[in-house]
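# A look at the structure
Here is what each chain is made of, one letter per residue.
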Amino acid sequence: MAFFTYIMASRRNGTLYTGSTDDIGLRAWQHKEGAGSKFTAEHDVERLVWFEAHETREAAFRRERQIKKWNRQWKLRLIEEMNPGWRDLVETLSA
């Protein structure tokens, strides 16, 4: 089983949200439906723009906490390296 750390965004360079989960597809869908978290619902954060897999829940959670401490520019760079077009990566999950 894989565990994930992910970043959602409202739009390119918009509001960011970092989280971790054991079901990235379900979690991204929950954010899109406004049920992911109060913060993401209030700020229209519904685009999955970055994620990475981890072998354990603890590793994914540690990475989430690490990224949350980063400054905004580091987070933007991380997204741009994986997803320069800021596309919604949900489509890549079922491929």
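Just so we're clear, the structure is a prediction, and the values are computed from it rather than from any experiment. Going along each chain's sequence as written, the residues are numbered from 1 onward. Local features are withheld for residues below a pLDDT of 70 in this predicted model, meaning they are given only at 70 or higher, and side-chain atom pairs are given and counted only at 80 or more; totals for whole chains, interfaces and linings count all residues. Processing note: side-chain calculations cover all non-hydrogen atoms of the structure and skip hydrogens and water entirely.

### A look at the pairing of strand β2 (residues 16-21)
As a reminder, the rule being used: Under the scheme applied here, a residue whose accessible area is under 20% of the maximum for its type counts as buried, over 50% as exposed, and between as partly exposed, the area being computed with a 1.4 Å probe on protein chains only. Labels follow the DSSP assignment, with helices taken as runs of H or I lasting at least four residues and strands as runs of E lasting at least two, numbered in each case from the N terminus. One requirement defines pairing of two strands: DSSP has to find at least two bridges between them.
With five of its six residues buried, β2 lies for the most part within the structure. In the sheet, strand β1 (residues 3-9) pairs with β2 via six bridges, with the strands oriented antiparallel. The residue of β2 that forms the bridge with A9 is L16. A loop of six residues connects β1 with β2, the two strands running antiparallel in sequence, and N13 in this loop sits at a positive phi of about 60 degrees.

### Quick notes on the environment of R27
Rule in force here: Whether two residues are in contact is decided by their heavy atoms: any pair within 4.5 Å suffices.
Along the chain, R27 falls in helix α1 (residues 24-32). Taking relative accessible area as the criterion, R27 reaches 17% and is therefore assigned buried. For R27 and E91, which are 64 residues apart along the polypeptide, the C-alpha to C-alpha distance reads 14 Å. Other than its neighbours up to four places away in sequence, R27 contacts Y6, Y17, T21, A35 and G36.

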